[in-house]
Amino acid sequence: MTPPNDPTPHDEASAELPPEDQPTLMSPTRPGGSGAMSRTPTPGGLDGADAPATHLKRIGPYQLGRVLGEGGFGTVYLAEQESPRRRVAVKMLRPGVAGPQALARFAHESETLARLSHPGIAQVIEAGFYDPITGDVALARARSAASRGLLPFFAMEFVEGKALTEHASGLGLREKLLLVVRVCKAVQHAHTKGVIHRDLKPANILVGADGLPKVLDFGVARVTGEGFQERTTRTDVGQIIGTLGYMSPEQVKADPSEIDTRADVYALGAILYECLAGRAPHRIEGKPLHEAARIICDEAPAKISTLVPAARGDLETIVHRALEKDKARRYQSASDLAEDLTRYLRNEPILARPPSAVYQLTKFAQRNKLLVGSAAAIVLLLAGASVGMSVLFLWAREAERQEVLRRTEAEGATAEANRQRDAARAAERKATAVSEFLARTLASGDPDENGLDVTLASLLDKAAGGIDREFAEAPDVAHAVRLAIVESYRGLGLYEQALPIVERAHADAAKRLGAEDVETLHAGEWRAMILGHLARYKEAIAIVEGTLEVRRRTQGSEHPSTLNAMNTLGTQYQQQGRFVEAEKIFRELLPMRRRVQGEGDERTLDTIRRLGETLANMELPEKLSESDSLLTGLVATLRDRPDLGSDLNIAIGSLAELRRLQGRNAEAVELGKERLAYSQRANGPEHPRTVMVMNNLAKSMEQAGQFEDAEKLHLQTLALREKVSGAESFDALTSVAHLSTLYQRIGRLEDSERMRERVTRGFEKLLGRDHPQAIISATNWAYVLTDLKRFDRAREVLEDVLERRARLLGPDHAEVALTRSMLGFNAVSAGLWAEAEGHLREALRIREKILPEGSGIRGVTMTMLAEAMARQGRAAEALEIACTGAQWVLVDQRAPVRNKREACGRAITVADLAGAPDRAAPFREQLRALPER
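Residues numbered from 1 in each chain as written. Predicted model: local features only at pLDDT ≥ 70, side-chain atom pairs only at ≥ 80, totals over all residues. Heavy atoms only, no water.

Describing the overall build of the protein chain
- What the protein chain contains, in helices and strands, is 39 helices and 10 strands.
- A buried classification covers 55% of the 933 residues belonging to the protein chain.
- Carbon together with sulfur atoms contributes 52% to the accessible area of the protein chain, which is approximately 38600 Å² in total. (Helix = DSSP H or I, 4+ residues; strand = E, 2+ residues; numbered from the N terminus. Buried < 20%, exposed > 50% of the residue type's maximum accessible area, 1.4 Å probe, protein only. Areas by Shrake-Rupley, 256 points an atom, 1.4 Å probe, with all protein chains shown as cover.)

Okay, here's the thing in structure tokens:
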């Protein structure tokens, strides 16, 4: 028999925007350019002192004047078009570089620009090829043009005016934001046409006398005059395109595969910052290139509110969301940035929220590693601490807010809009207070005062103790701080420390706001989650069932918060092993998710995964088949969704576990390796999620017979968990339990027994003797004691377990049947056949009530009972029971090899004792085909 139930970690007044005008030429009050802006007055007109130094005076209908910008590949001229008579900018490739490749790229640039038709973008007028010998202008292909010596050119709208920041310096806050909104809309137009600017900066955005901005140099940044040395003409890996002060971190790293439209969003954020603050986000003037690049990639810009106090609050959130280092955390489009600026101007709640307290603490720890002692562990752990609030409940909060916004817009309810505005501001105040309080707490871990062994857990303990004193007059902020600390404790796996804090938050919210307020329900769901981590499932489920009833009654059966509560309840059922109930709730939830949130929504995909996991644990072939279909399809879907990388990683873990249950162990190992590589890359090598993935991969390696690799990985997992959480923590004891299972399997029984006793004593001390995990550990300890033939000691442990389980769960519970079966196994191993029969008959009686025919677990009990009967002289009576039971074990995809070998051996023994060699023969053949372990 395999160990029955080792603990397994679970992957757990309004603003009017100006109208969009049609393209117009800007009046020549101040010359500028399309390739670059000229800020020098032009007293000589087109033919004055600034006329081109070459002999070239005309290209077709364009009389050329002074040079506006110049680079290694081309020159931009100010020109005058004959008909209609107007000033234009003409760009032409230099002679000597007009090979086929350069010509093709130049033509691509002109075609790109020609696709852009927006009042905020300088327009292409004409493109063609110039023959320097005949003076003719013609259309041609790049290769033939190169062979004939033709030079490509294109003419575009000439824009003159002030650089954006120069113009903005004389405006008020509102006017500056309206200006940036217009620029965002122009850039979004280019993005919809498949064009990324890559060199957005104030000098490339000119504002004319009419106050309207125009964006220059789409696709032609390499030929501008100002700052030209900061760019290159190549787009290979390692080549920087753009002007450094406005470049996103991914541009600075110079990998073109990482650069997309969000690089332009970052530049827009930098421009917005400079418009408001009068300076760029980063001080890199005079810095060596490598140092400037490091600052851009690693250092956060000064908070805009420290330079512009009026930007405090939502506007600061908007600016810094646009400037996020991680492009996944940035606004995902220029239109998203424009929308939030518009919401701010209209006094509406913005869509962006301030970074979570945990996220800010993570960044603080990264910048101050020496100040926080064991910083490597702290940073890696903090990165995961935000999963609770920011994933489990963010969906519900956002859905509630969106619903109110839609209702507000539809009904024109000004009072409701004001209420939402006030609520958003209150939320921001609370978030700021939480972040500042926890940041101060983290900073207090100065090793000069506290020594070098400061841990995040000790700092969180300190923070928890100071809440009442710090926020005596602000109970709403105290509530938010408590939940943030609970979130951090959960990320560290310190569930016992989290429990009293979340219980206090739940009780205070109920007293202050009422039992059915959304904040109270939210805190209750957090409390249930922590109780679930502590395996106190009965309490957790009672809370979630109550929460779900309230949400259904007050918010409706298909409200997003109700759906999330259903998901939480199903997950609690799943973790408790109540798979029938979990299946029922997930099957009810899935069509509602699809209807309300859509087939491709990540919440819908999450429910598909949970249903697949539940079915996989129900051991019946038809359930495993459906689980395979769901999880295989889910992984395929998520592989096409680069925005859901972490969801794909979790789904791969679920599929790997299914493959392990199906006995497809080699596939399980490969999936586990893929998942581990992702988690190490995304979370770091010591993050709890990474360690959990290592643990599951080790189990798959063990099942695949890769015992040395499995042992090495189990030992690494144990060392990391002891380092982070302590040698007697829940997670560390779980790793010891899994390592002991491996040692038992490979015959290192003394090592296994010693570890089993450590785990049992540890869980009893940590959780209490009646805790389910403590009882499971005692059962497994008795199992290895039986293998060591210490039958009396094993029987003592199991009889104590039986008393506890029967008292806590009732006489017909599955765990009682398991204990009876273990007592029967012990008696069979000791040759106490009559005693064995009594225990096994009682175990089979219970299992026949709760497990279907064909169950491998029923089959194990049947083969042991049959042997006990046969050894007492009733072999003929036992033969059919033995053969049927062994066959059920053999076809059970989940049954370990040891169970299959023992079942075959017992069937052979009973058949031999019954004088039926023909019945023994097929099991002898099966036994020869099975691996040794």
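Still more ground to cover, so stick around.
Quick word on unusual backbone geometry
- Unlike most non-glycine residues, Arg198 shows phi in positive territory, near 75 degrees.
- On the secondary structure map, Arg198 appears in the loop between α4 (173-192) and β9 (205-207).
- Residue classification places Arg198 among the partly exposed residues on the basis of a relative accessible area of 21%.
- In the Ramachandran plot, Lys789 falls in the positive-phi region, its phi being about 65 degrees despite a non-glycine side chain.
- With respect to the helices, strands and loops of the structure, Lys789 is situated in the loop between α32 (772-787) and α33 (791-809).
- Taking relative accessible area as the criterion, Lys789 reaches 61% and is therefore assigned exposed.

Describing the nonpolar core
- In terms of nonpolar packing, the biggest core is built from 62 residues, with Ile485, Val486, Val502, Ile530, Met566, Leu569 and Leu638 touching the most fellow members.
- Ignoring anything within four residues of it in the chain, the contact list for Val486 reads Ala498, Ile501, Val502, Trp526 and Ile530.
- With 55 residues, the next largest nonpolar core counts Leu177, Ala190, Cys297 and Ala311 among its residues. (Core = buried A, V, L, I, M, F, W, Y, C linked by side-chain atoms within 4.5 Å. Contact = heavy atoms within 4.5 Å.)

Focus: the pairing of strand β3 (residues 74-81)
- The buried fraction of β3 amounts to 8 of the 8 residues, a majority that puts the element mostly inside the structure.
- Residues Gly74, Val76, Leu78 and Glu80 line one face of β3 and the alternating positions Thr75, Tyr77, Ala79 and Gln81 line the opposite face, and both faces are buried.
- Pairing analysis gives 8 bridges linking β3 to strand β4 (residues 86-93), with the strands arranged antiparallel. Residue pairing in the sheet places Glu80 in a bridge with Arg87 of β4.
- Here β3 hands over to β4 after 4 residues, the two strands then running antiparallel side by side. (Pairing = 2+ DSSP bridges.)

Examining the packing of helix α20 (residues 518-533) against helix α21 (residues 537-555)
- Where α20 meets α21, the axes come as close as 8 Å, and the angle between the chain directions of the two elements is 155 degrees. The angle between α20 and α21 places the two elements in the roughly antiparallel class. Note on packing geometry: the crossing formed by α20 with α21 is left-handed. Listed contacts from α21 to Val518, Leu521, His522, Gly524, Glu525, Arg527, Ala528, Leu531 and Gly532 of α20 are Tyr537, Glu539, Ala540, Ile543, Val544, Thr547, Val550, Arg551 and Gln555.
- When its residues are assigned to classes, the contact of α20 with α21 shows 9 nonpolar, 5 polar and 4 charged. (Axes fitted to C-alpha atoms, helices over the stretch in contact; angles between N-to-C directions. Parallel < 35°, antiparallel > 145°, perpendicular 65-115°, else oblique. Left-handed = near helix turned anticlockwise from the far one by under 90°. Nonpolar A, V, L, I, M, F, W, Y, C, P; charged D, E, K, R; others polar.)

Overview of helix α35 (residues 833-850)
- Here α35 spans 26 Å end to end across 18 residues, near enough to the 26 Å set by a 1.5 Å rise per residue.
- Contacts from the buried residues of α35 go to α34 (814-830) and α36 (856-871). (Expected span 1.5 Å × (residues − 1).)

Topic: the side chain of Asn665
- One can find Asn665 in helix α27 (residues 665-683).
- In contact with Asn665, not counting residues within four places along its chain, are Arg659, Arg660, Ser700, Gln703 and Ala704.

Re the sheet that holds strand β10 (residues 213-215)
- Read across the sheet, 3 strands follow the order β8-β9-β10 without closing on themselves; strand pairing throughout is antiparallel. Two strands lie at the open edges of the sheet, namely β8 (162-163) and β10, each paired on one side alone.
- Alignment of β9 against β10, held across 3 bridges, turns out to be antiparallel. The residue of β10 that forms the bridge with Ile205 is Val215.
- Sheet strands in contact with α4 are β9 and β10, and its direction is about 30 degrees off that of β10.

A word on helix α29 (residues 707-725)
- If you check α29, its first and last C-alpha atoms are 26 Å apart, about what 19 residues at 1.5 Å a residue would give, namely 27 Å.
- Along its buried surface, α29 packs onto α28 (688-703) and α30 (730-745).
- Immediately downstream of α29, the backbone of Gly726 shows phi near 105 degrees, a positive value.

Things to note about the packing of α36 against helix α37 (residues 875-891)
- Viewed as axis vectors pointing N to C, α36 and α37 meet at an angle of 155 degrees, and their least axial separation amounts to 7 Å. As summarised for this structure, α36 and α37 are arranged roughly antiparallel, according to the angle between their axes. Taken as a pair, α36 and α37 cross one another with a handedness that is left-handed. On α37, the residues touching Gly856, Arg858, Gly859, Val860, Met862, Thr863, Ala866, Met869 and Ala870 of α36 are Ala875, Glu877, Ala878, Ile881, Ala882, Thr884, Gly885, Ala886, Trp888 and Val889.
- Per-class residue counts for the contact of α36 with α37 are 12 nonpolar, 5 polar and 2 charged.

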